[in-house]
There are 2 protein chains.
Amino acid sequence: MVRIALDAMGGDFAPKQVVIGAVEAATEMSDAKVLLVGQMSAIQAELEVLPKELKARAQSAIEKGSLEIIHAPEVAEMDESAAKTILRKPDCSINVAMRLVKEGRADAFVSAGNSGAVAASAMFTLKRIDGVHRPAIAMIIPTKVPGKPLVLLDSGANCDCKPEWLVQWAIMGSVYSQQVFNQKEPVVGLMSIGEEECKGNQLVHDTYPMLKEAKSINFRGNMEGHDVCEGTVDVAVCDGFVGNVILKSVESVAKAIGSWLKKEITATPFRKILALLLKPAFKALKRQMDPEMYGGAPLLGVNGTVIITHGNSSHKGIYHAVRAGVAAATNDVSGLIKKSIAEYADGAETSK
Amino acid sequence: MVRIALDAMGGDFAPKQVVIGAVEAATEMSDAKVLLVGQMSAIQAELEVLPKELKARAQSAIEKGSLEIIHAPEVAEMDESAAKTILRKPDCSINVAMRLVKEGRADAFVSAGNSGAVAASAMFTLKRIDGVHRPAIAMIIPTKVPGKPLVLLDSGANCDCKPEWLVQWAIMGSVYSQQVFNQKEPVVGLMSIGEEECKGNQLVHDTYPMLKEAKSINFRGNMEGHDVCEGTVDVAVCDGFVGNVILKSVESVAKAIGSWLKKEITATPFRKILALLLKPAFKALKRQMDPEMYGGAPLLGVNGTVIITHGNSSHKGIYHAVRAGVAAATNDVSGLIKKSIAEYADGAETSK
C-alpha cells in the first residue's frame, strides 16, 4: 500500500477538486492510500456536499482505511511568497504533509499548490539528496507518441545554471522516465538551437562534452524546439529559464489553437451540428493534449517523492498526480536517483 | 513602384514555388515589381511548365515590366555553412540580389534560403546600421487577435547576448510592428519567467531597467511564455537562444495538435464524412495558425530591407513575404530604425 499525502488546500479549485480526486484515487487504485492533509472542517464540508454516489464511495474508503483526513491548522495563501509561507506557517498543509513524508508516515507528497512554496518546503524538510547541486522541477509534455511524454527539466526553479547541474538533471530525468513512463533507455537531449555540437550558447557548449561522458545516460546530442512533441526524445535538459519559457509558450499555443478551433467549428448553426456529432473526436484530442493525464511535475533531487500539479488541476489532474506519486514511490525513484548521482560522482572521480 | 529582389533559388521548393509566388505577386500587387534572381535557365524552365493561366499571367507581367529575371550564375547549396557560401560564391543568387539592394536597383530582398547565409550576405554587403550592436531576425507569431501578430526577436542569430542589444531590438521590433502591422504604440515585453521585475535570469535583470528608461518604446515589463499567443504584447525581446527555442517549440506543438486532430476526425468513416463537411472550418483554422500569412522574418538592423521566409515556404509564403517586403520598404523601416537607434544613443548620452 503506497501512502500519498495529498495537499487538500493547494490549487485554484481546492479543496473541492482535490477532495473529489482523492476519493476517486482512494477507491479506484487498489495500491494507494490517500492521506488528505488540510483544514479538517473545510475537507469535511466538501465531503458533505459531494454527489450521492461519490459521498458513499468516500464513506466506504474512510471505513476501509484507504482515505484518511489529517488536520493541518494553517492555510498558505497562494499570493504569499514561497519562502514566507514556509517560514511563517509551519503548520500549513504543505509543511504538515511534507513532514509525513519525512517521518516515513507517507510515501509521497502531491500538491496543486504554489510550486515555489512546495519546493521550499521540500528543501527545508526533506533536504536535497547528498551530492545534488540543485533539485529541479521536471515538466511532462505530451508528444505525438501515446504514452511517451517528454520529461523537460529544469522548468523554472533555477535560472542561471551550471553545466554540472544539467548533467545531474539528465540523470534524474532518465530515472523518472524509466520508472514512471517505462522507457527502458530514455533518450536524453540537450536543448539547443541546432543539432550540431557547435550550435548553442555557452551553457550548451560547456554541458555537451559532460553529457557525452556520462555513462549512465543515453545522450543523443543536441535537440531543438522542433523535437519537443515528436516523441523522439524522452528527457530534455535545459536551464530553468528556457524550460519555463518553453513550457508556457507551448501551453499558450495549445490554448490559442483550441480557441481558434472552437470559434471556427461553431461559426454557423450547420457547423455547430457537425461539431456536436464530432464531439467524441474533439474530446479524444483534448485528452491527448492534456498534460493532466501525465500526472504533474515531479520535484527531483530531494529525499522523497514530491509531485507538483498545475494550479488549475481538476479532480482528474489530482487523480493522475496521485497515480504518478504511487508509481514514483513504488519504484523508488528518489532512492534510484540517490544511487545514480553517487555512482556518477564516483565515476567522475575515478576518471580524474 | 517597390522593386523586390526575390531569391529564386532559396528554399526547399525552389525554384518552383518561388516562381509561382513571384508571378502571383507581380500580377496581383499593383505597387510591386518583382526581380527574380537566380539561374536564368532554371527560372525559364519553371516558367515554361507553369499551368496555362499562370503562364499567361507571367508573360504579361514580363511584358509590362512588373516581373524581370536577373541572372545569377552560381547556386548556394543549402548544406554549406553560411559563411562559406557567401565567401566562395560571390555570384550566387543571395549575393547578387543583395547587391541590387545595395546599389539601389532594388528596394528589398526576399529569400526562403538559408537564414545564416542571407544574414551573412546582408552583413557583408549592406552592413549593419551605424550604432547597431547586432542585427536580429524577428519572427512573426500569430496570436489570438487577428492581424495582431507577435514580433519576437532575436530568434536565432545571437546566442549569448548583452542587455544593450535587447534594448535596440525592442526599438527595431517596435518600428517593424508599427510600420508593417499598423500597431500605433506597440507594446514591448521582456521575455521572462514571471511578470514581477524580480523574476528572471541575469540578462533579464540587467535589461529591465534599461528598457524602462528607453523613451521611444512602450515597455510593459516582463512577459511570460503564456503571453506569446494572447495578442497583448506586440514585440517580445529575448536572447536568440531563447527566441529560437520558443519558435521551434511552438511550431512543434502546432504540428502535433494538427496531426492529432487529423487522426481523430478521420478515425471512423462517419467522422470522415463530418470532417469533410467541416473542411472550410479546418481550412480557416489552418489559415489563422499559418505564419506564412504574416510574410516571414525581417532581418532588422542592416542598411536595407531583408525578409527571410521559412525554408519550406509555398508560393503563398513567398507571396506574403514579398508583400511584407513591399510594406517594409514603402514605410522605410530601415531608415526609421536608423533614426530611432541614433536618437536613443543621443538620448542616452544626454542623460549621462
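Above this text sits the structure in question.
Residues numbered from 1 in each chain as written. Chains lettered and ligands numbered in written order. Predicted model: local features only at pLDDT ≥ 70, side-chain atom pairs only at ≥ 80, totals over all residues. Heavy atoms only, no water.

**Section: the sheet that holds strand β6 (residues 139–141) of chain A**
All names here are of chain A.
Phase 1 of the analysis: Strand order across the open sheet formed by 5 strands is β6-β7-β10-β8-β9, with mixed pairing between neighbours. Among the strands making up the open sheet, the edge pair consists of β6 and β9 (218–223). Neighbour-to-neighbour, the strand axes of this sheet turn through a mean angle of 25°, independent of strand direction.
Phase 2 of the analysis: Bridging between strand β8 (residues 187–191) and strand β10 (residues 235–237) involves 3 bridges; their strand directions are parallel. Looking at the pairing, V188 lines up with V235 of β10.
Phase 3 of the analysis: Those strands touched by helix α7 (residues 163–181) are β6, β7 (150–153), β8 and β10, and its axis lies near 160° from that of β10. (Pairing = 2+ DSSP bridges. Helix = DSSP H or I, 4+ residues; strand = E, 2+ residues; numbered from the N terminus. Axes fitted to C-alpha atoms, helices over the stretch in contact; angles between N-to-C directions. Contact = heavy atoms within 4.5 Å.)

**Details of the relation of the copies chain A and chain B**
Phase 1 of the analysis: When chain A is brought onto chain B, the operation consists of a screw motion whose angular component is 180° and whose axial shift is 0.0 Å, with 0.0 Å RMSD remaining. With respect to symmetry, the two chain copies, as superposed, fit the operation of a two-fold axis. (Least-squares fit on C-alpha atoms with pLDDT ≥ 70 in both.)

**Some words on a positive patch on the surface**
Phase 1 of the analysis: Residues K262(A), K279(A), K283(A), K286(A) and R287(A) make up a contiguous surface patch of positive charge.
Phase 2 of the analysis: As for its placement among the helices and strands, K283(A) is situated in helix α11 (residues 279–289). (Patch = residues over 30% accessible without salt bridge, like charges linked within 9 Å, V, L, I, M, F, W, Y side chains within 5 Å. Areas by Shrake-Rupley, 256 points an atom, 1.4 Å probe, with all protein chains shown as cover. Salt bridge = Lys/Arg side-chain N within 4 Å of Asp/Glu carboxyl O. Lys, Arg positive; Asp, Glu negative; His and termini not counted. Charge placed at Lys NZ, Arg CZ, Asp CG, Glu CD.)

**A closer look at the environment of I308(A)**
Residues and elements named next belong to chain A.
Phase 1 of the analysis: Relative to the elements of secondary structure, I308 occurs in strand β12 (residues 305–308).
Phase 2 of the analysis: Residue class for I308 comes out buried when judged on its relative accessible area of 6%.
Phase 3 of the analysis: In this structure, the C-alpha to C-alpha distance between I308 and K255, residues 53 residues apart in sequence, is 21 Å.
Phase 4 of the analysis: In contact with I308, not counting residues within four places along its chain, are S111, G113, S115, V118, I137, G296, A297 and L299. (Buried < 20%, exposed > 50% of the residue type's maximum accessible area, 1.4 Å probe, protein only.)

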